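# A look at the structure
In case you want the letters, here they are:
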Amino acid sequence: MFGAGAMTNSISEIRHTDLLFIIGSNTSEAHPIIAMEMKRARQAGAKLIVADPREIWMAEQADLHLQLKPGTDVWLLSAMTHVIVAEDLIDHEFIASSTEGFEAVRDAVAKYTPEEAEKVTGVPAEDIRTAARWYATTEKAGIYYTLGITEHTHGTDNVYCLANLVLMTGHLGKFASGMNPLRGQNNVQGANDAGATPIYYPGYQPVTDEGVRKKFEKAWGVPLSPDDGLNLNVMMKELAKGNMKALYVMGEDIVISEPNVSQVEKGLNMCEFLVCQEIFHNETTRYADVVFPATCFAEKDGVFTNSDRRVQRVRKAVEPPEGAREDWRILCDFARAAGYSMPEYNNPGEIYAEMASLTPKVAGISYERLDENIEGLQWPCPDDQHPGTPTLHMDGPLNGKAQFQAVEYRPSAELPDEEFPLVLSTGRTLYHYNAATQTRRDPGPVAKQRSNFIEMHRKNAKLLGVEHGETVKVLSRRGEVEAEVWVSPRVRFGCIWMPMHFAESRANLLTNDAGDVITGTGEYKVCAVRVEKLNGSSNGNPNDHPSITTT
Ligand SMILES: Nc1nc2c(c(=O)[nH]1)N[C@H]1C(S)=C(S)[C@@H](COP(=O)(O)OP(=O)(O)OC[C@H]3O[C@@H](n4cnc5c(=O)[nH]c(N)nc54)[C@H](O)[C@@H]3O)O[C@H]1N2
Ligand SMILES: Nc1nc2c(c(=O)[nH]1)N[C@H]1C(S)=C(S)[C@@H](COP(=O)(O)OP(=O)(O)OC[C@H]3O[C@@H](n4cnc5c(=O)[nH]c(N)nc54)[C@H](O)[C@@H]3O)O[C@H]1N2
Ligand SMILES: [Mo]
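Residues numbered from 1 in each chain as written. Chains lettered and ligands numbered in written order. Predicted model: local features only at pLDDT ≥ 70, side-chain atom pairs only at ≥ 80, totals over all residues. Heavy atoms only, no water.

### Thoughts on the site of ligand 2
As a structural note, the neighbourhood of ligand 2 is formed by 29 residues, with D253, S257, E278, K300 and N508 the closest of them. Residue D253 places a main-chain N or O atom 2.7 Å away from an oxygen atom belonging to ligand 2. Surface burial for ligand 2 is 87%, taken as the share of its 930 Å² of free accessible area covered by protein chains. Secondary structure elements with two or more residues in the shell around ligand 2: β10 (273–278) and β16 (422–427). Looking at the shell around ligand 2 residue by residue, the classes come out as eight nonpolar, 13 polar and eight charged. Each of domain 2 (188–378) and domain 3 (422–544) gives at least three residues to the shell around ligand 2. (Near = heavy atom within 4 Å. Polar contact = N/O pair within 3.5 Å; in protein donor to acceptor, adjacent residues only side chain to side chain. Areas by Shrake-Rupley, 256 points an atom, 1.4 Å probe, with all protein chains shown as cover. Helix = DSSP H or I, 4+ residues; strand = E, 2+ residues; numbered from the N terminus. Nonpolar A, V, L, I, M, F, W, Y, C, P; charged D, E, K, R; others polar. Domains from an automatic or database assignment.)

### Things to note about the side chain of T156
As for its placement among the helices and strands, T156 is situated in helix α10 (residues 155–168). For T156, a relative accessible area of 13% puts it in the buried group. If sequence neighbours within four positions are ignored, T156 has contacts with D516, I518 and T519. (Buried < 20%, exposed > 50% of the residue type's maximum accessible area, 1.4 Å probe, protein only. Contact = heavy atoms within 4.5 Å.)

### Structural notes on the domain arrangement of the protein
Taken as a whole, the protein is organised into domain 1 (11–182), domain 2 (188–378) and domain 3 (422–544). Relative placement of domain 1 and domain 3: their C-alpha centres are 28 Å apart. Taken residue by residue, the interface counts 26 residues in domain 1 and 23 residues in domain 3. In this assembly, domain 1 packs against domain 3 so that about 1900 Å² is buried in total across both faces, 52% of it on carbon and sulfur atoms. A per-residue breakdown of the area domain 1 buries against domain 3 is headed by R54, E151 and T153, which together make up 35% of the total. (Buried area = accessible area lost by both parts, 1.4 Å probe.)

### With respect to the site of ligand 1
Near ligand 1 you find 32 residues, and of these A30, D52, D73, H432 and N434 are the closest. Backbone polar atom of G24 to an oxygen atom of ligand 1: 3.4 Å apart, as the coordinates give it. Its free accessible area being 910 Å², ligand 1 has 94% of it covered by the protein chains. Counting residues per element, the ones that place at least two in the shell around ligand 1 are α1 (27–30), α9 (147–150) and β16. A class-by-class count of the residues in the shell around ligand 1 yields ten nonpolar, 16 polar and six charged. Each of domain 1 (11–182) and domain 3 (422–544) gives at least three residues to the shell around ligand 1.

Here you go:
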């Protein structure tokens, strides 16, 4: 809608913001450093609105906690949009000069009144009005979102709704405001920028664009396919149907992290050839025909691009274990063995230089410049004199005119019913990292959090006759796992929440692999489940689990 997929503003601007609107982000556990910047803004007087079904730490601190039902963000955000239109709090000048398509959004939100929204979302109409007014009338107001927004079958619609709010109030291209997706991993932004997606060459140059393709064909001296590849969600489904003969998995533990994972395992059993490129054995390498041992971040040179588009150098600090090699060396040798005459690169700086020469967004970034600029360089950085871009869209939207997108609410793919009456949402905790391949090797985090649990409302626990600390069975249409009940004031009645970190009790045996229509992202945040008692047996001491209170 704006012409770039990344945080519009910089992390360093957060402390200067006057209003923080955090939606679907458990910032203090998943992005603690960014959360510290938010706390600084709070101490300087910024207002805080949190929209999250759980009473996370940030919500406890908030001026306004919009505790919506999972999967109803389109209703909440459309109702906020409705209020801003109805009370004429829109930025007429910005809409006229910098955007297209406002009328369609204005018409689409007419029926999303706060009163109707209250019925669907559970958020009081008056709170929706207050949030809309605060957001629209505060100049330095920033939106911060993550997976509570994107990991839905309507994840893209949620993002559209947020971007509509930004555009109609003119919060784009201004200091300490904007639209800020907080990236999950140290280099997920960089991986995307470098083209680790089936639809783009580096710098979001589409594989289907003939001019782009010709440029890369010339540089690499080979014909290139004009077709989009399969996205991860589709790949996993083709795998389960036996249509993937071979799979090359690099730095992902798919057997833990993909939704509806028993289907993935079924597919791996049919797949003829699996390569894993890994720093550790994990659950997925059990299925591998070949494991290429790679070096970890501390054992190699390179760059990481963080959430605010900042390209920074990382340097080798320790020697790798014997036999482990840098990911790029493994890939180059693999390409050569497959018959391509890959150039002899001496270091990753040469690879970066090649990418920069073909990618306008980062054309001005080089290892030499990064050595001089220890704080890194933020793209777009189109030439070697350019200082980088801390705030996007300062001279107007990157795509010329930003595009409004009208959205209609679609419910989550699987809703609770008599058989599976509870809504399960999944995510992460402060103490473990994703598949926990790394953090469960370390005694510190393990001591803090040893095993899996579900957060449950006390009324649900009472209805089921289960106690805090009791092990129960959680079942969905796709699988079942055992976990301990933590009776928790954080979750809504009717909802349970479980982390994704535990191999012996995988949340993803339960989750739904229905994907977002555009991105394919799985619906990790909503599926229907039932909880059963384990033959009356109960164990565990609630005091063993300090983490529920310490964040
Ligand atoms: N300690 C730690 N930090 C991490 C990670 C880790 O594993 N451990 N993982 C990293 C990665 S890869 C990522 S992508 C990020 C993810 O960071 P986050 O997205 O912040 O983490 P999640 O726990 O997945 O969930 C986000 C929040 O969305 C809320 N939510 C669930 N459903 C909905 C909904 O329907 N609407 C709304 N508005 N909110 C909803 C949840 O209650 C939760 O508070 O964290 C990164 N940081
Ligand atoms: N139920 C549920 N499932 C989810 C989510 C959720 O919220 N709920 N969130 C999803 C999200 S946002 C994400 S990002 C995924 C994460 O899922 P994964 O990517 O599977 O999880 P990680 O633990 O980040 O796994 C990374 C793997 O990379 C390896 N590794 C680390 N460094 C290197 C390196 O330098 N080179 C190589 N070759 N390997 C390395 C680690 O050993 C580990 O096995 O999970 C997704 N799955
Ligand atoms: Mo992620």
